[in-house]
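Coordinates in review
The chain contents come next:
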Amino acid sequence: MGSTIQEGILWQSVLGEIELSISRASFVTWFKNTHLIRNKNGVIIIGVPNVFIKQQLERKFNPMILETLKKNGVENVEVEYKIQALDKEKTNQKEELIILSDQSSDRPKNKVSSLSHQYRQGLNEKYTFENFIVGAGNELAYAACQAIVANPGSKYNPLFLYGGVGIGKTHLIQAVGNEILNNNPDARIVYASTEQFVQEFVDALRFKKNTDFAGFYRGADVLIVDDVQFLAGKEKIQEEFFHTFNALHQANKQIIISSDKPPREIPTLEERLRSRFVWGMSIDMQNPDFETRCAIIQTKAESHGLELTSDVTEYLANYVQTNIRELEGALNQLLAFCEMRELEPTLDVTVSLLGSGKSRPKHISPRQIIEKTAKYFQVPMEDIMGPKRDKDIVVPRQIAMYILRSELHLSFPKIARELGRKDHTTAIHSIDKIEKESVIDNGVKTAIAKIKEKLYV
Amino acid sequence: MKIQVTQENLNKALGSVARVASSRNTLPILANVLIKTVGTRLSISATNLDIAVTHYIGSKVTSEGSITIPARLVQDFVSSLPSGIIELKLDEYKLHFSTGTYRSTINGISSEEFPVLPDIKDGKEWTIDSGLLKKKLQQVIIAASNDDTRPVLTGVYFHSSEGKLKIVATDSYRLAEAVVMDTKHDMNLLVPINATQELLRIVSDFEGEVRVTYDDQQVLFSVGDVELVARLIEGKYPNYESLIPKKFDTSAKLLKSELLNITKVSSLFARENAGSITLEVDDHDQTLNIHSIASQLGENIASTKGEIKGEGSITLNSRYLLDALHVMTGEDIVFSFNGKLEPSMLSNPKDKDYIHVIMPLKS
């Protein structure tokens, strides 16, 4: 027997060849947990996990195994199969010593041991700075995050990011975590959604493992908490969060928080937390502007290996104006459609797929817009429709006109009629004025964004 | 292959076999059943590589052959056919069914691809009455564990001790032991829970002797025309006998139906509390009280009279108690325990062959 190959490697190379000649499922089912036990005096003993596999190898695969062994220079041997689990599984066979544990002491332990998860749990590696697209709406947030990566804990601590849904808050704060981890693989990064924080806190209380819980969060170098607005109304947890916050801040550990509203607008948030949230730096992330949306579309399309023409890009950027998640959705829809039908993503295809012209939602009536605007400014709707010319009525009225124009694309005379005005020039003037103001006046800008958000909920 | 079978027989065979075939397995052919002529009979088999079930039915074999076809499809199909003779004809890999006005073809996969089903060459053998096996299995398998992290506990343990065959299962929170019968064999079989569940289904509509053949790695149950082969779980079963209490400070002999009833009622109030109910025994007024609290909804105290010795209280999971009471026989039941932290035990005063041990919850 002229075997030049060592025992362990022999079986590995046999498996390697067999893997190529049978289907993946068959290989996994029949050969995965087999191993060579002995190769001596012309008898090779192969360990197999159970009797089904033993029978199958003996009756079906034996010729193939002999053939493959021959190719590897092992001839005139007999192969025997023996049921013997791999060493790894053997440890399970030790006699179970302690049984009949009482339930209450056993189960919670398992539960809470999940708290000792690694200090990087929750971070998704796909979120990086490289694939984050910077535009006018988020450049400040981006710069702040970069600064934090360079010097965690010293600048902008805590960093509080807020803004509407789907504009990249999670992406940005996860990117911070990933980047810090890249620079320093030992850093203890804790990324937790508020929901998770709450859940673990409740578990800790239930199983009286409060110290584990506190220890875990307070041992972090960087604490990232997403969607903190969900803390609203949970007093006990706010208190725990407050202490965690203080402990970390005291030790100059970086804290990053995101929310969909600024701290002062989160209802029932305790005052001491509110003031701490705005302590470091709070940044409003705005909806992406047109150019940013175009850039996002192009980058995404490229990552799918496609280049879109500029008219398609612009169309898409106009089609979805606020939410990047929806923007990606529309793009994915287009790409999938084109791939399936083997079409080029031209403007015609895009328009026919996504619907023509402006994305005018049919279900929104002019009255709804006026109502939401009135509600946002907390003025009676009749006043907006009525003759009053006080400043706190006029501005909402003008904003309502602006939104009627931008969202429903109504004509000026129609807009004037909707608001009880006789002259359409009033509408022209108002819309013009708001358009200009929305660029310089942040208040107007957020008001418009908020009202729009409410409309599309 | 060309054969004739009755719809009733084929339907029954598929009913006991097809459940084993699983489409979740990585190997697609395991979702198929193997149909094969064996002499003058037809065998129908399925396997999930843990267990294999084969059902033999009588048929008129004109020419021999074998094929595998999708289990779900053929089962649903045959069960909706009218009763009568079905003719099966194999044409390459297509199996043609014809009966009455139905003409159907099911595409199959070559039987060469189907796993070889294990057989036992020189195993030991014993027999047991199917009714007895059924009764004992039902009583025991409720206590087996589903938790794969402790494989040994996912088995039902058939073993001989002092000339008796015993069946045992435990999930480490409760334990059930049934003494089945006298035996001369010396055996230690750890049969996977899913195999015993399947076995229970098979024996439930069969009367007669069940033949059990086993060797070190596998066990074969022959139940009339059905054969079930299962791999045995490797490993040593815990020395459970030392855990069964021998003496009790407190015991209560009660009407089983009464205890079942008040436990059921109490469990309604224990839902949010992991089923925890507190049983309180008092020998002064000879009653057993069950107390359960649902902090939001209210609370419940139910009681029953009985023959009581000693006093004390213990907190149990009501689900475990209910499971045990459901499978126990006899009119009376003895519930005994030693303080709050020691295991409690249920037994039938007239039938010493079954005991059920439940660990308390720490309250």
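Everything here concerns the structure above.
Residues numbered from 1 in each chain as written. Chains lettered and ligands numbered in written order. Predicted model: local features only at pLDDT ≥ 70, side-chain atom pairs only at ≥ 80, totals over all residues.

Counting its secondary structure elements, chain A contains 21 helices and eight strands. Expressed as a percentage of contacts within chain A between residues at least 6 apart in sequence, the contacts between residues at least 24 apart total 72%. (Helix = DSSP H or I, 4+ residues; strand = E, 2+ residues; numbered from the N terminus. Contact = placed C-beta atoms within 7 Å.)

What follows deals with the packing of helix H12 (residues 290-303) of chain A against helix H13 (residues 310-319) of chain A. Residue and element names in this part refer to chain A. Between H12 and H13, whose axes approach to 9 Å, the crossing angle comes to 120°. Considered as vectors, H12 and H13 are oriented oblique to each other. As H12 packs across H13, the resulting crossing turns out to be right-handed. Contact residues: H12 offers Phe290, Arg293, Cys294, Ile297 and Gln298, while H13 offers Thr313, Glu314, Leu316 and Ala317. A breakdown of the residues in the contact of H12 with H13 according to their chemical character gives five nonpolar, two polar and two charged. (Axes fitted to C-alpha atoms, helices over the stretch in contact; angles between N-to-C directions. Parallel < 35°, antiparallel > 145°, perpendicular 65-115°, else oblique. Left-handed = near helix turned anticlockwise from the far one by under 90°. Nonpolar A, V, L, I, M, F, W, Y, C, P; charged D, E, K, R; others polar.)

Residue and element names in this part refer to chain A. Taken in spatial order, the three strands make up an open sheet running E1-E2-E3, and their pairing is mixed. Strands at the two margins of the open sheet, each flanked by one partner only, are strand E1 (35-40) and strand E3 (78-83). Mean inter-strand twist for the sheet, computed between neighbouring axes without regard to direction, equals 20°. Where E1 and strand E2 (residues 43-48) come together, five bridges link them in antiparallel fashion. What sits directly across from Leu36, in E2, is Ile46. (Pairing = 2+ DSSP bridges.)

Counting residues in hydrophobic clusters, the biggest one holds 120 residues, and the most contacted among them are Val33 and Leu228 of chain B. Considering each element in turn, this core owes the most residues, seven residues, to helix H3 (residues 51-71) of chain A. Once residues lying within four places of it in the same chain are set aside, the contact partners of Val33 of chain B are Leu14, Val17, Ala18, Ala21, Ile44, Ser45, Ala46, Thr68, Ile69, Ala71 and Val74 of chain B. In this structure, Phe213, Val228, Tyr319 and Leu331 of chain A belong to the second largest nonpolar core, which totals 59 residues. (Core = buried A, V, L, I, M, F, W, Y, C linked by C-beta atoms within 7 Å. Buried ≥ 20, exposed ≤ 12 C-beta atoms within 10 Å, placed from the backbone.)

This paragraph deals with unusual backbone geometry. All names here are of chain A. For the bond running from Asn157 to Pro158, omega is -5°, close enough to zero to count as cis. Tracing the chain through its elements places Pro158 in the loop between helix H6 (139-150) and strand E4 (159-162). The phi torsion at Gln378 lies on the positive side, around 55°, for a residue other than glycine. Inspection of the secondary structure puts Gln378 in the loop between helix H16 (366-377) and helix H17 (381-385).

All names here are of chain B. Taken in spatial order, the five strands of this open sheet run E5-E1-E7-E8-E9, and their pairing is antiparallel. Sheet topology places strand E5 (60-63) and strand E9 (102-107) at the edges, where each strand pairs with a single neighbour. Within this sheet the neighbouring strands show an average axis-to-axis angle of 20°, counted without direction. Direction of pairing for strand E1 (residues 2-6) relative to E5: antiparallel, over a ladder of three bridges. Paired with Gln4 across the two strands is Lys60, which belongs to E5. The sheet contacts of helix H1 (residues 7-17) involve E1, strand E7 (85-91) and strand E8 (94-99), and relative to E1 the element is tilted by about 90°.

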